[in-house]
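# Examination of the molecular architecture
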Amino acid sequence: MTPDEKKQQVAKAALEYVEPDMIIGIGTGSTANHFIDALAAIKHTIEGTVASSQASADRLKSHHIPVLDLNGVREIDIYFDGADEATKYLHLVKGGGGALTREKIVAAVSKKFVCVADDSKLVDVLGAFPLPIEVIPMARSYVAREVVKLGGKPIWRENFVTDNGNHILDVHNLNIAEPVKLEQQLNQIAGVVTNGLFAQRPADILMLGTDSGIQIIE
(Lines give C-alpha, C1' and ligand atoms only; values in the text may rest on other atoms or scores of the structure.)
Protein backbone atom coordinates (compact mmCIF):
# COMPACT_ATOMS: atom_id res chain seq x y z
CA MET A 1 0.00 0.00 0.00
CA THR A 2 1.43 3.41 -0.94
CA PRO A 3 1.73 6.22 1.62
CA ASP A 4 -1.06 8.10 -0.15
CA GLU A 5 -3.34 5.05 0.00
CA LYS A 6 -2.62 4.78 3.72
CA LYS A 7 -3.53 8.45 4.14
CA GLN A 8 -6.83 7.90 2.32
CA GLN A 9 -7.54 4.85 4.43
CA VAL A 10 -6.96 6.61 7.75
CA ALA A 11 -8.81 9.77 6.65
CA LYS A 12 -11.94 7.75 5.94
CA ALA A 13 -11.58 5.82 9.19
CA ALA A 14 -11.39 9.10 11.14
CA LEU A 15 -15.00 9.87 10.18
CA GLU A 16 -16.07 7.53 12.99
CA TYR A 17 -15.26 10.34 15.43
CA VAL A 18 -17.63 12.77 13.70
CA GLU A 19 -20.98 13.14 15.46
CA PRO A 20 -24.11 15.05 14.37
CA ASP A 21 -24.10 18.87 14.70
CA MET A 22 -20.39 19.08 15.48
CA ILE A 23 -18.17 22.04 14.64
CA ILE A 24 -15.04 20.47 13.17
CA GLY A 25 -11.54 21.90 12.96
CA ILE A 26 -9.73 21.05 9.76
CA GLY A 27 -5.97 21.01 9.34
CA THR A 28 -3.78 21.50 6.29
CA GLY A 29 -1.86 19.13 4.05
CA SER A 30 -2.28 15.95 2.04
CA THR A 31 -3.91 13.86 4.77
CA ALA A 32 -6.21 16.73 5.77
CA ASN A 33 -7.20 17.01 2.10
CA HIS A 34 -8.20 13.35 2.07
CA PHE A 35 -10.23 13.94 5.23
CA ILE A 36 -12.01 16.90 3.64
CA ASP A 37 -12.89 14.78 0.62
CA ALA A 38 -14.24 12.03 2.89
CA LEU A 39 -16.15 14.53 5.03
CA ALA A 40 -18.05 15.73 1.97
CA ALA A 41 -20.12 12.53 2.08
CA ILE A 42 -21.57 13.43 5.50
CA LYS A 43 -21.44 17.25 5.29
CA HIS A 44 -25.21 17.50 5.86
CA THR A 45 -24.79 16.10 9.40
CA ILE A 46 -22.35 18.70 10.78
CA GLU A 47 -22.84 22.32 11.83
CA GLY A 48 -19.74 23.57 10.08
CA THR A 49 -15.95 23.67 9.98
CA VAL A 50 -13.09 25.95 10.98
CA ALA A 51 -10.14 25.81 8.57
CA SER A 52 -6.48 26.24 9.55
CA SER A 53 -5.48 27.68 6.18
CA GLN A 54 -6.87 29.38 3.11
CA ALA A 55 -6.04 26.28 1.07
CA SER A 56 -8.17 24.07 3.32
CA ALA A 57 -10.97 26.65 3.38
CA ASP A 58 -11.00 26.70 -0.41
CA ARG A 59 -11.13 22.90 -0.59
CA LEU A 60 -13.97 22.77 1.95
CA LYS A 61 -15.93 25.38 0.00
CA SER A 62 -15.40 23.43 -3.22
CA HIS A 63 -17.34 20.61 -1.56
CA HIS A 64 -19.98 23.10 -0.30
CA ILE A 65 -19.00 22.39 3.29
CA PRO A 66 -19.71 25.42 5.55
CA VAL A 67 -16.59 27.27 6.76
CA LEU A 68 -16.98 29.34 9.95
CA ASP A 69 -14.90 32.23 11.28
CA LEU A 70 -13.14 31.12 14.47
CA ASN A 71 -13.96 34.45 16.11
CA GLY A 72 -17.63 33.51 15.91
CA VAL A 73 -17.09 30.08 17.47
CA ARG A 74 -16.74 29.55 21.22
CA GLU A 75 -15.43 26.00 20.99
CA ILE A 76 -14.52 23.42 18.35
CA ASP A 77 -15.76 19.91 19.10
CA ILE A 78 -12.98 18.04 17.35
CA TYR A 79 -9.93 18.83 15.23
CA PHE A 80 -8.53 16.59 12.48
CA ASP A 81 -5.06 17.15 11.08
CA GLY A 82 -1.97 15.33 9.87
CA ALA A 83 1.61 15.53 11.10
CA ASP A 84 5.13 15.48 9.72
CA GLU A 85 6.31 13.43 12.70
CA ALA A 86 4.58 11.87 15.72
CA THR A 87 5.65 9.87 18.77
CA LYS A 88 3.81 7.34 20.91
CA TYR A 89 3.46 10.14 23.49
CA LEU A 90 1.32 12.00 20.91
CA HIS A 91 3.85 14.82 20.54
CA LEU A 92 3.99 16.10 16.98
CA VAL A 93 6.06 18.11 14.53
CA LYS A 94 3.84 20.03 12.13
CA GLY A 95 4.21 22.88 9.68
CA GLY A 96 5.65 21.32 6.56
CA GLY A 97 2.83 23.01 4.69
CA GLY A 98 3.43 26.31 6.47
CA ALA A 99 0.12 26.53 8.37
CA LEU A 100 1.52 25.77 11.85
CA THR A 101 0.32 28.94 13.60
CA ARG A 102 -3.30 28.63 12.56
CA GLU A 103 -3.15 24.88 13.17
CA LYS A 104 -1.93 25.51 16.71
CA ILE A 105 -4.72 28.02 17.30
CA VAL A 106 -7.41 25.64 16.05
CA ALA A 107 -5.94 22.83 18.17
CA ALA A 108 -6.01 25.08 21.25
CA VAL A 109 -9.71 25.82 20.79
CA SER A 110 -10.65 22.18 20.17
CA LYS A 111 -11.96 19.79 22.81
CA LYS A 112 -10.35 16.81 21.06
CA PHE A 113 -7.47 16.59 18.57
CA VAL A 114 -7.31 13.56 16.28
CA CYS A 115 -4.06 13.30 14.33
CA VAL A 116 -4.31 11.20 11.16
CA ALA A 117 -1.21 10.04 9.32
CA ASP A 118 0.45 7.15 7.57
CA ASP A 119 2.69 4.91 9.70
CA SER A 120 5.92 6.36 8.27
CA LYS A 121 5.30 9.45 10.44
CA LEU A 122 5.70 7.52 13.71
CA VAL A 123 9.18 8.04 15.18
CA ASP A 124 10.92 7.34 18.49
CA VAL A 125 12.39 10.86 18.78
CA LEU A 126 11.28 14.00 16.96
CA GLY A 127 13.69 16.04 14.88
CA ALA A 128 14.60 14.15 11.72
CA PHE A 129 11.99 16.27 9.91
CA PRO A 130 13.13 19.93 9.99
CA LEU A 131 11.23 21.86 12.65
CA PRO A 132 9.36 24.85 11.14
CA ILE A 133 9.33 28.15 13.02
CA GLU A 134 7.10 31.00 11.87
CA VAL A 135 8.83 34.35 12.37
CA ILE A 136 8.06 38.03 11.91
CA PRO A 137 10.01 38.97 8.75
CA MET A 138 12.19 41.65 10.38
CA ALA A 139 13.29 39.16 13.05
CA ARG A 140 14.26 36.32 10.72
CA SER A 141 18.05 36.69 11.00
CA TYR A 142 17.95 37.32 14.75
CA VAL A 143 15.79 34.26 15.39
CA ALA A 144 18.09 32.18 13.20
CA ARG A 145 21.13 33.22 15.30
CA GLU A 146 19.31 32.33 18.52
CA VAL A 147 18.30 28.94 17.12
CA VAL A 148 21.94 28.18 16.26
CA LYS A 149 22.74 28.66 19.96
CA LEU A 150 20.28 25.86 20.71
CA GLY A 151 22.11 23.52 18.33
CA GLY A 152 19.86 23.86 15.30
CA LYS A 153 20.70 24.68 11.70
CA PRO A 154 17.97 27.08 10.47
CA ILE A 155 17.25 27.47 6.77
CA TRP A 156 14.97 30.19 5.47
CA ARG A 157 12.11 28.79 3.40
CA GLU A 158 12.61 31.24 0.54
CA ASN A 159 9.79 32.35 -1.74
CA PHE A 160 7.22 31.28 0.85
CA VAL A 161 4.96 33.54 2.92
CA THR A 162 2.45 32.20 5.43
CA ASP A 163 -1.25 33.10 5.40
CA ASN A 164 -0.30 35.52 8.20
CA GLY A 165 2.30 37.32 6.07
CA ASN A 166 5.30 35.86 7.90
CA HIS A 167 8.41 33.85 7.06
CA ILE A 168 9.39 30.30 8.03
CA LEU A 169 12.72 28.95 9.20
CA ASP A 170 13.11 25.17 8.87
CA VAL A 171 15.45 23.98 11.60
CA HIS A 172 17.63 20.94 10.88
CA ASN A 173 19.91 18.91 13.15
CA LEU A 174 17.68 18.96 16.23
CA ASN A 175 17.30 15.88 18.41
CA ILE A 176 14.14 16.78 20.27
CA ALA A 177 14.35 14.72 23.44
CA GLU A 178 12.32 17.23 25.49
CA PRO A 179 9.67 18.60 23.13
CA VAL A 180 7.64 20.51 25.73
CA LYS A 181 10.75 22.31 27.00
CA LEU A 182 12.01 23.14 23.50
CA GLU A 183 8.58 24.36 22.37
CA GLN A 184 8.57 26.81 25.28
CA GLN A 185 12.18 27.90 24.69
CA LEU A 186 11.62 28.67 21.03
CA ASN A 187 8.42 30.58 21.65
CA GLN A 188 10.27 32.87 24.10
CA ILE A 189 12.58 34.16 21.35
CA ALA A 190 11.49 37.66 20.33
CA GLY A 191 10.10 37.59 16.81
CA VAL A 192 8.90 33.99 16.90
CA VAL A 193 5.19 33.69 16.20
CA THR A 194 5.18 29.99 17.07
CA ASN A 195 7.00 26.78 16.23
CA GLY A 196 5.86 23.45 14.81
CA LEU A 197 6.15 21.45 18.03
CA PHE A 198 2.74 20.32 19.25
CA ALA A 199 3.79 19.09 22.70
CA GLN A 200 2.21 21.45 25.23
CA ARG A 201 -1.09 20.68 23.46
CA PRO A 202 -0.44 17.26 21.91
CA ALA A 203 -2.87 15.10 19.98
CA ASP A 204 -5.45 13.19 22.00
CA ILE A 205 -5.64 10.35 19.48
CA LEU A 206 -3.13 9.29 16.82
CA MET A 207 -4.56 7.26 13.94
CA LEU A 208 -2.04 5.64 11.61
CA GLY A 209 -2.75 4.02 8.28
CA THR A 210 -0.73 0.81 7.91
CA ASP A 211 -0.54 -2.13 5.51
CA SER A 212 -2.53 -4.18 8.03
CA GLY A 213 -5.22 -1.57 8.82
CA ILE A 214 -5.61 1.30 11.25
CA GLN A 215 -3.37 1.61 14.31
CA ILE A 216 -4.70 3.82 17.12
CA ILE A 217 -2.54 5.31 19.88
CA GLU A 218 -4.25 7.16 22.73
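Procedures and definitions
- Residues numbered from 1 in each chain as written.
- Predicted model: local features only at pLDDT ≥ 70, side-chain atom pairs only at ≥ 80, totals over all residues.
- Heavy atoms only, no water.
- Pairing = 2+ DSSP bridges.
- Helix = DSSP H or I, 4+ residues; strand = E, 2+ residues; numbered from the N terminus.
- Axes fitted to C-alpha atoms, helices over the stretch in contact; angles between N-to-C directions.
- Contact = heavy atoms within 4.5 Å.
- 1 Å grid on protein atoms, 1.4 Å probe; cavity = no way out; pocket = protein on both sides within 12 Å on 5 of 7 lines; lining within 4 Å.
- Points joined across faces, edges and corners; volume = space filled by probe spheres on them.
- Nonpolar A, V, L, I, M, F, W, Y, C, P; charged D, E, K, R; others polar.

## Some words on the sheet that holds strand β1 (residues 23-26)
The strand order β2-β1-β3-β6-β12-β13 describes an open sheet built from six strands, whose pairing is mixed. Unpaired on one side and paired on the other, β2 (48-51) and β13 (213-217) mark the two borders of the sheet. On average, each strand axis in the sheet is inclined to that of its neighbour by 25 degrees, with strand direction left out of account. Pairing geometry for strand β3 (residues 78-81) and strand β6 (residues 113-118), over three bridges, is parallel. Bridging from a neighbouring strand, Asp81 pairs with Cys115 of β6. Running at roughly 150 degrees to β1, helix α2 (residues 30-39) makes contact with β1, β2, β3 and β6 of the sheet. Together, β1, β2, β3 and β6 form the strand contacts of helix α4 (residues 100-109), whose direction differs from that of β3 by roughly 150 degrees.

## So, the layout of surface pockets
Space inside the largest pocket adds up to approximately 230 Å³. Forming the boundary of the largest pocket are 19 residues, of which Thr28, Gly29, Ser30, Ala83 and Asp84 lie nearest the centre. Elements that contribute at least two residues to the lining of the largest pocket include exactly α2 and β6. The greatest single-element share of the lining of the largest pocket, amounting to three residues, is contributed by β6. Among the residues forming the lining of the largest pocket, the class breakdown is three nonpolar, nine polar and seven charged. Estimated volume of the second largest pocket: approximately 170 Å³. Taken together, Val50, Ala51, Ser52, Leu68, Asp69, Leu70, Asn71, Arg102, Ile105 and Val106 make up the lining of the second largest pocket. Elements represented by at least two residues in the lining of the second largest pocket include exactly β2 and α4. If one sorts the elements of the lining of the second largest pocket by residue count, α4 sits on top with three residues.

## Quick look at the sheet that holds strand β9 (residues 167-172)
Pairing is antiparallel in the open sheet, where four strands are placed in the order β8-β9-β7-β10. Where the open sheet ends on each side, the last strands, each with one partner, are β8 (153-156) and β10 (192-195). When the angles between neighbouring strand axes are averaged without regard to direction, this sheet yields 30 degrees. The sheet contact formed by strand β7 (residues 131-135) and β10 spans three bridges and is antiparallel. Residue pairing in the sheet places Glu134 in a bridge with Thr194 of β10. With respect to the sheet, α4 is in contact with β7, β9 and β10, its orientation differing from that of β10 by roughly 70 degrees. Strands in contact with helix α6 (residues 179-187) are β7 and β10; relative to β10, the strand with the most contacts, it is inclined by about 165 degrees.

By themselves, these are just geometric observations and shouldn't be taken as functional.
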